[in-house]
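Residue-level listing of the chains:
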Amino acid sequence: QVQLVESGGGLVQPGGSLRLSCAASGIAFSAYTTGWYRQAPGKEREWVATISSSRSTNLADSVKGRFTISRDNTKKMVYLQMNGLKPEDTAVYYCAAGDSGGMVYWGKGTLVTVFS
């Protein structure tokens, strides 16, 4: 059974930092592209960042320079380091894994709230 379990969400003030983690099991993790998506209240889910099996990264313009995605294939983990958080970053953050056809597996999400 494939599982992606996110952790690390919470409450943070503007300008603060959080590190999200995603633990994968049940898949050949190193072969998959993994990524982070988010869904803010009342909005559709949007892509945040992806990291390929070869560790090539892509980030949405809205988070470039503030967020970093990384992975540890040995531990089957993917991380999202979020710095300089803004209120508009408030959302449920989802971890996902997939291939060139798109994301196939999804976690249940972790809530990030940025408030002043």
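Everything here concerns the structure above.
The structure presented is a predicted model; accordingly, all values stated were derived computationally and were not measured.

Rules and cut-offs
Residues numbered from 1 in each chain as written. Predicted model: local features only at pLDDT ≥ 70, side-chain atom pairs only at ≥ 80, totals over all residues. Heavy atoms only, no water. Core = buried A, V, L, I, M, F, W, Y, C linked by side-chain atoms within 4.5 Å. Buried < 20%, exposed > 50% of the residue type's maximum accessible area, 1.4 Å probe, protein only. Helix = DSSP H or I, 4+ residues; strand = E, 2+ residues; numbered from the N terminus. Pairing = 2+ DSSP bridges. Disulfide = S-S within 2.5 Å. Axes fitted to C-alpha atoms, helices over the stretch in contact; angles between N-to-C directions.

## A few points about the nonpolar core
Here's step 1: Counting 29 residues, the largest nonpolar core has Trp36, Val48, Phe67, Val78, Leu80, Met82 and Tyr93 as its most contacted members.
Here's step 2: Elements that contribute at least two residues to this core include exactly strand S3 (18-25), strand S5 (46-51), strand S7 (67-72), strand S8 (77-82), strand S9 (91-99) and strand S11 (110-114).

## Considerations on the pairing of S7
Here's step 1: By the alternation rule, side chains of S7 split into Phe67, Ile69 and Arg71, which are all buried, and Thr68, Ser70 and Asp72, of which none is buried.
Here's step 2: In this structure, S7 lies alongside S8, joined through six bridges in antiparallel fashion. Looking at the pairing, Ile69 lines up with Leu80 of S8.
Here's step 3: From the end of S7 to the start of S8, which pair antiparallel, there are four residues, and Lys76 there has a positive phi angle of about 60°.

## A short note on the state of the cysteines
Here a disulfide denotes a covalent bond joining the sulfur atom of one cysteine to the sulfur atom of another.
Here's step 1: Counting across every chain of the model gives one disulfide.
Here's step 2: With a sulfur-sulfur separation of 2.1 Å, Cys22 is cross-linked through a disulfide to Cys95. Where Cys22 bonds to Cys95 through sulfur, the torsion about that S-S bond is close to -80°, and the disulfide is left-handed. With a gap of 73 residues between them, Cys22 in strand S3 and Cys95 in strand S9 connect regions that are remote in the sequence.

## Re the sheet that holds S3
Sheet strands associate in pairs through backbone hydrogen bonding, adopting either a parallel or an antiparallel arrangement.
Here's step 1: A sheet is described by the order of its strands in space; here four strands give the open sequence S1-S3-S8-S7, paired in antiparallel fashion. At either margin of the open sheet sits one strand with a lone partner, and together these are strand S1 (3-7) and S7. Geometrically, the sheet is characterised by an average inter-axis angle of 15° between neighbouring strands, direction not taken into account.

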